[in-house]
Amino acid sequence: MHAVIYARYSTDGQREASIDDQVRNCTRFAEREGIVVDEVYHDKAISGAVRSRPGYQAMLEAAMAGRFAVLIVDDLSRLSRDDYEMKGVLRRLTWRGIRIVGVSDGYDSDRKGHKIHAGFKGLMNELFLDDLRERTHRGMTGQAIKGYNCGGRTFGYRNAPIEDESRTDAYGRPVVVAVEYRIDEHQAEIVRLIHEWYASGHSYKWIASELNRRKIPSSRGSSWAISAIKVMLENEMYAGTLIWNRRMWVKHPDTGKRTYRERPKEDWVVSHRPELRIVPEAVLEAVRARQQRTRASGIGKHGTAARKYLFSGMMRCAECGGNFVVAAGGGRYGCANHKTRGSAVCSNGLTVSRQIVEENILASVKQRLKSPRCLDTFKASAARLIEDHNASDHAAQIEQKLKAACRTRDNLLNAIKQGILTVSTKESLEAAEAEVAELKRQLERASRWQVAAILPKAVERFEAAIDELEQRLNGHVAPAREVLKAILGERIVIHRRGEYLEAELADCAQVAVANSLNSCFDSGGCGGPQRFESTFVPLRHSECGFPGKPRHRRRASVQRKSNHTANR
């Protein structure tokens, strides 16, 4: 029995050895149970309320690929402190036949009543987070009132710790009681330069491009984007005014994405610190005047189109790895890094009509779904599903007949016990016993119905659904995008080919067809694991209506053979 271990600790304040402690505890359990641990996944200094943890996501990916049968954690709070997320992952893993064990809290998904146990743990974790959030916010409010830094970094400043010499930590070092801002003169010069450029009439894009051309690193050590310039020009801190508690971050209950909401002004904590001013008053007034004129004219009000289009979030530039996004107006896809950071970051300035992208890629999707390999996979998976369904229905019908025959036999036996014994009674009892015996034999055999009459209709409906793919996807962008991800993978890589663009599509269609019918796709066969091919689709108009014959290339990634059987 193969297993993996997942470990996590929450903050930088905790010991990194906590990971080792958790792994050691889980390993001892595995040795006692005779379980082989193949791999250890871990996340360091990441809250359990965050879903996008690298180790956590890698573990889930391995689970979906069927690479282990047992997941061992020190306790369930290591998986997640979000009750909704924890219940969801427990349902998904147990549905796939994976056993989840919490060593310290005694949780075992193979035990009766494990759902009640998980429910109590989830509630306790939620209450712990709520209490921790309230206490943390109360402490940060006190620090903000004193004008100290309550977390994070601001470009133009450095964080200086304030130590209490009378107190020491476990290593004998003075305890850090607060952090204050101090001006970083090198970065402050860049802040002034950005404000002066904007005040003199330069655009956000020009400023970002110029900074990238000069190879000036941003606050994160990477390139500059338009959004970073906008945020910097809006920041009141460069005028010596610190504002804390202006916003609160909340997590969407369905997507898990964190977004902010503005708090009422009476809840803001405002501190005036003239010694932290970086931008001169005259320059700042010129910046604010230009911003007001821009807002009054309506320039730059494009609205948000996040995830509005079919392939939003799926396409990546092959040259820089940035997203391919739809520009204002929804007309054309282009590299976001080239658009917002300039040619110094990405030289790929080609764009392509959204209509061409959707038509050509969907045409390729339809072609591969109708390929002999996908049709064979659909037929095999559908036939297996139909047989299982019909076998279950047939067995249920036999059980009903068996119960009725048993009642008849028992009634006849009771009549005989009461002295009613005639020739017809004896014959009826023998017939009832024979029927019961025959029905038991039929139930043991559980004969399956033939699928020959059903399968052709299923294949016909499958092909019709492919022909009507555009109509079926139209108007339902979010679920349609998830369907396309199942067929094409998470990423579509966009290459520059001279004067036009080309999309590299991963061939995941066979697996998607099998998974859609809750079937287990075996990519191994007698020749070992199968290497899937990439298809290259030109994103340009074609006289024949189809974007040219797709080219194929072997992919380096290997579809691992699934070592478990999915529930049907």
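Residues numbered from 1 in each chain as written. Predicted model: local features only at pLDDT ≥ 70, side-chain atom pairs only at ≥ 80, totals over all residues. Heavy atoms only, no water.

## Digging into the overall build of the chain
The number of helices and strands found in the chain is 17 helices and 19 strands. Here the chain holds 568 residues, and the buried ones make up 40% of them. Long-range pairs, those at least 24 residues apart, make up 66% of the contacts in the chain between residues at least 6 apart in sequence. Accessible surface for the chain amounts to roughly 32700 Å². Of this, 51% is attributable to carbon and sulfur atoms. (Helix = DSSP H or I, 4+ residues; strand = E, 2+ residues; numbered from the N terminus. Buried < 20%, exposed > 50% of the residue type's maximum accessible area, 1.4 Å probe, protein only. Contact = heavy atoms within 4.5 Å. Areas by Shrake-Rupley, 256 points an atom, 1.4 Å probe, with all protein chains shown as cover.)

## Section: the nonpolar core
In globular proteins that are soluble, nonpolar side chains generally tend to be buried together. Counting 36 residues, the largest nonpolar core has F311, Y333, I361, I492 and L539 as the members making the most contacts within it. The element that contributes the greatest number of residues to this core is helix α11 (residues 354-369), accounting for six residues. When neighbours within four sequence positions are excluded, I492 is seen to be in contact with F311, M314, M315, R316, I361, A503, E504 and L505. Within the second largest apolar cluster, 27 residues are counted, among which are Y181, L211, I229 and L284. (Core = buried A, V, L, I, M, F, W, Y, C linked by side-chain atoms within 4.5 Å.)

## Points about the side chain of D75
By secondary structure assignment, the location of D75 is in the loop between β3 (70-73) and α3 (76-79). Despite its burial, D75 pairs with no opposite charge; the closest candidate is R78, at 4.0 Å N-O. In terms of polar contacts, D75 uses its side chain to reach the side chain of S77, at 2.2 Å. When near neighbours in sequence (up to four residues on either side) are disregarded, D75 contacts G102, D105 and K121. (Lys, Arg positive; Asp, Glu negative; His and termini not counted. Salt bridge = Lys/Arg side-chain N within 4 Å of Asp/Glu carboxyl O. Polar contact = N/O pair within 3.5 Å; in protein donor to acceptor, adjacent residues only side chain to side chain.)

## Description of the sheet that holds strand β4 (residues 99-102)
If you trace the five strands from one edge of the open sheet to the other, you get β2-β1-β3-β4-β5, paired in mixed fashion. The sheet is open, and its two edges are formed by β2 (36-43) and β5 (107-108), each paired on a single side. Relative to β5, β4 is paired through two bridges, and the arrangement is antiparallel. Following the sheet pairing, V101 is matched in β5 by D108. (Pairing = 2+ DSSP bridges.)

## A look at the packing of helix α6 (residues 185-199) against helix α8 (residues 226-234)
The description of two helices packed together rests on the angle between their axes and the distance between the axes. α8 packs onto α6 with a crossing angle of 95 degrees between their chain directions and a minimal axis gap of 11 Å. Accordingly, the angle class assigned to the pair α6 and α8 is roughly perpendicular. Between α6 and α8, the residues in contact are V191, I194, H195 and Y198 and I229, M232 and L233, respectively. Looking at the contact of α6 with α8 residue by residue, the classes come out as six nonpolar, one polar and no charged. (Axes fitted to C-alpha atoms, helices over the stretch in contact; angles between N-to-C directions. Parallel < 35°, antiparallel > 145°, perpendicular 65-115°, else oblique. Nonpolar A, V, L, I, M, F, W, Y, C, P; charged D, E, K, R; others polar.)

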